[in-house]
Amino acid sequence: LPATCPELHAQLDGCAAVAAAKAELDSARRKLQELLGVAELPRYHKTAAQAAGLAEEAAAYEGAQTRLRKRVHEARERAVEAYRLRVYREGQERLRTTPSLRHAMMSTHAWAPRSEDEAIVFGLDRRDRTRELRWLRELPAVMQGSILRVGALHVLPRERMR
């Protein structure tokens, strides 16, 4: 999402679940700080808490951290969906109000006119990439993007994968 995306700020700032998780984390942090007698929790707070017999409070603090991360992640997912929906609706409105854009989107590929023989030659000149596509789909998405971005289909194996 863009940094200036209003949906992201609305979801993170206006979400009651995120606010409740932040409050729970602050409460657990203050409680652990008071019990350990420190102004700021040290990096090794879990070890210090276990040594002081406060393992339960340390676990509660870590649980609160996990819940906050989960709530923020859920809010970001909702923001992404809201952003996608807004962009889609804006695009639909633009298509509706701009006749030339609507015509361009609805037209098929503008291949050069050619005879039947020329069309057959055109199709036969291009290599069939069906096998590469199948192999590419078996790879993780990150690797697929990397291979496609640099146009490195030649790195895919020639024989059957698996």
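These numbers come from a predicted model, not from an experiment.

Colleague: Describe the overall build of the chain, and please don't skip the residues or the numbers.
Modeller: Along the backbone of the chain there are eight helices and zero strands. Secondary structure elements of the chain, listed N to C terminal, follow the sequence α-α-α-α-α-α-α-α. The C-alpha atoms of the chain give a radius of gyration of 28 Å, which is well past the 15 Å a tight globule of 162 residues would have. Principal axes of the C-alpha set define a box for the chain whose edges measure 85 × 50 × 20 Å.

Colleague: Quick rundown of the nonpolar core? Include the residues and the values.
Modeller: The nonpolar side chains of a soluble globular protein tend to be buried with one another. The biggest cluster of nonpolar side chains holds 18 residues, and the ones touching the most others in it are Leu8, Val18, Leu25, Leu32, Ala49, Tyr61 and Leu68. What tyrosine 61 contacts, discounting residues up to four positions off in sequence, is Leu25, Ala28, Arg29, Leu32, Leu41 and His45. Listed in part, the six residues of the second largest apolar core include Trp135, Leu136, Ile147 and Leu156.

Colleague: Please provide a residue-by-residue account of the side chain of histidine 45, values included.
Modeller: Its place among the elements puts histidine 45 in helix H3 (residues 45-51). Excluding residues within four positions of it along the chain, histidine 45 makes contact with Leu32, Leu36 and Tyr61.

Colleague: Let's hear about the side chain of glutamine 33: which residues, and what values?
Modeller: Turning to its location among the elements, glutamine 33 is positioned in helix H2 (residues 16-36). From its side chain, glutamine 33 meets the backbone oxygen of alanine 39 in a polar contact 3.2 Å long. Leave out the neighbours within four places in its chain, and glutamine 33 touches Val38, Ala39, Glu40 and Leu41.

Cut-offs applied
- Within each chain, residue numbers correspond to sequence positions counted from 1 in written order.
- Local features are withheld for residues below a pLDDT of 70 in this predicted model, meaning they are given only at 70 or higher, and side-chain atom pairs are given and counted only at 80 or more; totals for whole chains, interfaces and linings count all residues.
- The basis for every side-chain value is the complete set of heavy atoms in the structure, and neither hydrogens nor water enter the calculation.
- A run of DSSP states H or I qualifies as a helix once it reaches four residues; a run of E qualifies as a strand once it reaches two. Both are numbered from the N-terminal end.
- Here the radius of gyration uses the C-alpha set of atoms, whereas the globule reference equals 2.2 Å times the residue count to the power 0.38.
- Buried Ala, Val, Leu, Ile, Met, Phe, Trp, Tyr and Cys residues form a nonpolar core when they are joined through side-chain atoms within 4.5 Å.
- Relative accessible area decides the class of each residue, using a 1.4 Å probe on protein chains only: under 20% of the type maximum gives buried, over 50% gives exposed, and in between gives partly exposed.
- Residue contacts are counted whenever heavy atoms from the two residues lie within 4.5 Å of one another.
- Polar contacts, as counted here, are pairs of nitrogen or oxygen atoms within 3.5 Å of one another; within protein the pair requires one atom able to donate a hydrogen and one able to accept it, and residues that are adjacent in sequence qualify only if both atoms are side-chain atoms.

Function cannot be inferred from these measures alone, as they are strictly geometric.
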